[in-house]
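Structure at a glance
Spelled out, the chains give:
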Amino acid sequence: MPTVYGVNLRAATALQSIIGASSQAVAACRAVESEREDALFVDPLAKYFAAYAGGALPTFLSSYVSVRTHFIDRELLDALRRKHDQGPPGGVVPNQVVLLGAGMDGRMWRLPQQAGSPPPAEVVFELDQKEVVDAKDAVLAQLEQAGELPAPRLAKRRVCLSVDIRDPAWIQALNDAGHNRTSGTVWILEGFLRFFSNEQIDALIEQLSQNCACGSSILVTVPSATSRDRRRAEDPVDAKYQWRFGTDDPVSYFTRFGWKTVKSVSVEDLADQYNRRPRSTELDTPAENGSKAEPSVMSNPMRHNYLLRAVKID
Ligand SMILES: C[S@@+](CC[C@H](N)C(=O)[O-])C[C@H]1O[C@@H](n2cnc3c(N)ncnc32)[C@H](O)[C@@H]1O
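Predicted model, so just to flag it, every value in this text is computed and none were measured.

Counting its regular elements, the protein chain contains 11 helices and 9 strands. For 314 residues, the compact-globule formula gives about 20 Å, and the C-alpha radius of gyration of the protein chain, at 19 Å, lands near that figure. Projected onto its principal axes, the C-alpha positions of the protein chain cover 65 × 50 × 40 Å. Looking at the protein chain as a whole, 41% of its 314 residues are labelled buried. Restricting to contacts in the protein chain with at least 6 residues of sequence separation, those with at least 24 account for 78%.

The next thing to look at is the nonpolar core. Core analysis: the largest hydrophobic core is formed by 79 residues, its most contacted members being Val7, Ala28, Val97, Leu99, Val124 and Ile188. It is helix H3 (residues 59–81) that contributes the most residues to this core, 10 residues altogether.

In terms of burial, strand S4 (residues 121–128) is a largely internal element, 7 of the 8 residues being buried. Handedness of the β-α-β unit built from S4, helix H5 (residues 130–145) and strand S5 (residues 155–162) comes out right-handed.

Turning our eyes to something else, we now look at the site of the ligand. Looking at the ligand, there are 21 residues lining it, with Ser23, Gly101, Gly103, Ile165 and Gly191 nearest. Top contributing element to the shell around the ligand by residue count: helix H1 (residues 18–35), with 5 residues. Split into classes, the residues belonging to the shell around the ligand amount to 9 nonpolar, 7 polar and 5 charged.

Here we take up the sheet that holds S5. The 7 strands are arranged S5-S4-S3-S6-S7-S9-S8 in an open sheet whose pairing can be described as mixed. At either end of the open sheet lies a strand with only one pairing partner, and these are S5 and strand S8 (259–266). Looking at each pair of strands side by side, their axes are set apart by 20° on average, direction ignored. Along the sheet, H5 makes contact with S4 and S5, crossing S5 at roughly 135°.

Let us look at unusual backbone geometry. With an omega of -5°, the peptide bond between Leu111 and Pro112 qualifies as cis. You can see Pro112 is positioned in the loop between helix H4 (107–110) and S4. For Ala51, which is not a glycine, the phi torsion comes out positive at approximately 55°. Within the secondary structure, Ala51 is located in the loop between helix H2 (46–49) and H3. A positive phi angle, near 60°, is found at Asn275, a position not held by glycine. Within the secondary structure layout, Asn275 lies in the loop between helix H11 (267–273) and strand S9 (305–312). The exposure class of Asn275 is exposed, given the 10 C-beta atoms found within 10 Å.

Position of Pro58 among the secondary structure elements: in the loop between H2 and H3. Residue class for Pro58 comes out partly exposed when judged on the 19 C-beta atoms lying within 10 Å of it. In sequence terms Pro58 and Ser183 are 125 residues apart; their C-alpha atoms lie 41 Å from each other. Beyond its immediate stretch of four places on either side in the chain, Pro58 contacts Tyr5 and Gly6.

Here we take up the environment of Leu143. Mapped onto the elements of the fold, Leu143 is located in helix H5. For Leu143, a count of 17 C-beta atoms within 10 Å gives the class partly exposed. Along the primary structure Leu143 and Leu127 are separated by 16 residues, whereas in three dimensions their C-alpha atoms are 21 Å apart. Apart from the residues within four sequence positions on either side, Leu143 is in contact with Tyr48, Glu148 and Leu149.

Overall, the predicted model of the protein chain reaches an average pLDDT of 90, with 92% of residues at or above 70. Confidence drops under a pLDDT of 50 for residues 284–288, and excluding neighbours within four residues, the segment shows 10 contacts in the predicted structure.

Attention now moves to H1. Owing to its 3.6 residues per turn, the α-helix brings residues three or four apart onto one side. Between its terminal C-alpha atoms H1 stretches 26 Å, which fits the 26 Å expected from 18 residues at 1.5 Å a residue. Summarising burial for H1: 14 of the 18 residues are buried, a large majority.

With that settled, consider the pairing of S5. One face of the sheet, then the other: side chains in a regular strand alternate in exactly this way. Across 7 bridges, the pairing between S4 and S5 is parallel. By the bridge assignment, Phe125 is partnered in S5 with Val159.

Helix packing geometry: the angle between the two helix axes and the distance between the axes. The geometry of H1 relative to H3 is characterised by a closest axis approach of 9 Å and an angle of 85° between their N-to-C directions. One way to sum up the angle between H1 and H3 is to call them roughly perpendicular. Between H1 and H3, the contacting residues are Val26, Cys29, Arg30, Val32 and Glu33 on the first element and Leu61, Ser62, Val65, Ser66 and Thr69 on the second.

Conventions we followed
Think of each chain on its own: its residues are numbered from 1, step by step along the sequence as written. Given that this is a predicted model, residues contribute local features only at a pLDDT of at least 70 and side-chain atom pairs are listed and counted only at 80 or more, while totals for whole chains, interfaces and linings are drawn from all residues. The secondary structure listing takes helices from DSSP runs of H or I that are at least 4 residues long and strands from runs of E that are at least 2 residues long, numbered from the N terminus. We compute the radius of gyration over the C-alpha atoms and compare it with the globule rule, which gives 2.2 Å times the number of residues raised to the power 0.38. Backbone-placed C-beta atoms define the burial measure: a residue is buried with 20 or more other C-beta atoms within 10 Å of its own, exposed with 12 or fewer, and partly exposed in between. Placing a C-beta atom from the backbone of each residue, one calls two residues in contact when those atoms lie within 7 Å. Each nonpolar core reported here comprises buried Ala, Val, Leu, Ile, Met, Phe, Trp, Tyr and Cys residues connected via C-beta atoms within 7 Å. Handedness is read with the strands pointing away from the viewer; a crossover is right-handed when the path from the first strand over the helix to the second is clockwise. For each residue, a C-beta atom is placed from the backbone, and the residue is labelled near a molecule or strand when this atom is within 6 Å of it. Polar here means any residue outside two lists: the nonpolar Ala, Val, Leu, Ile, Met, Phe, Trp, Tyr, Cys and Pro, and the charged Asp, Glu, Lys and Arg; Gly therefore counts as polar. A pair of strands counts as paired when DSSP detects no fewer than two bridges linking them. For helices, the fitted axis covers only the stretch in contact; all axes are lines through C-alpha atoms, and the angles between them, taken along N-to-C directions, range from 0 to 180 degrees. pLDDT measures the predictor's confidence residue by residue and takes values from 0 up to 100. Multiplying 1.5 Å by the residue count of a helix minus one yields the expected span of that helix. We call two directions roughly parallel when the angle between them is under 35 degrees, roughly antiparallel when it is over 145, roughly perpendicular when it lies between 65 and 115, and oblique otherwise.

Pasting the structure below:
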């Protein structure tokens, strides 16, 4: 049975690459959150996307995913309503959503969940590697055939693209598929930056910044550079493919590309607000000599990631 981030995936449906299967592990976390009495959100498709074989789900991981997902949900709806927009007069209201590294994100079918929400966006674009796009499409096709696929809610249309984001041609593929670069976009980069080098993310942010109008929003999980460097010392092999990007100053990072940060929070602080901070006993590993060892970076992703929303101002 394959295990990704400590999540047991069903061998028959788990994706082959760890990076691809990470999308299924994240969906497993959302499926578990959805079952809680005090759920922060209910994602009816997560259990189908998850390839989850059951068993214990690492608390640190599920809480982390729940907090970041809930934050992005709320900010996305605010962005579509243009609340908190501090862009210049004349900045547009976003009417398109682009999910980079969309994975098994189910927002298209679950948001909005409350009354008073904004009307549907024009279009949601989901971009990911081919193996992930194909796996997601297969699940959706099965649900549709069984008459169990909910109607889309977040946008009127969904466009799915198989791309390798390391190839700069991704932006052309997006625009060719109907993304309007003179219009407003909400960009969502959730659990995504860590797979790329700082140079690759610089190029990516530069590209997306030049392909949307003022008033657009970006919602992003940002790994800390300090934690990334610690992880490199702990486990150079793991760090090589998924602890790559990092910054300790996310606000200045996005300012460089013409974005004004309207919210920047540590996931750990939000976890307190949302009642999702894991107990220390769920995190710390006792050292063999009885003293508390320095917990591994992997034991608590909350401590090592920021959540940020910024609005494009120039
Ligand atoms: C941890 S998952 C997060 C998925 C989704 N954003 C979510 O929160 O549910 C990371 C996603 O990034 C995608 N990804 C990683 N490298 C990629 C690349 N070079 N091009 C496109 N997608 C990539 C993976 O396939 C995976 O679906």
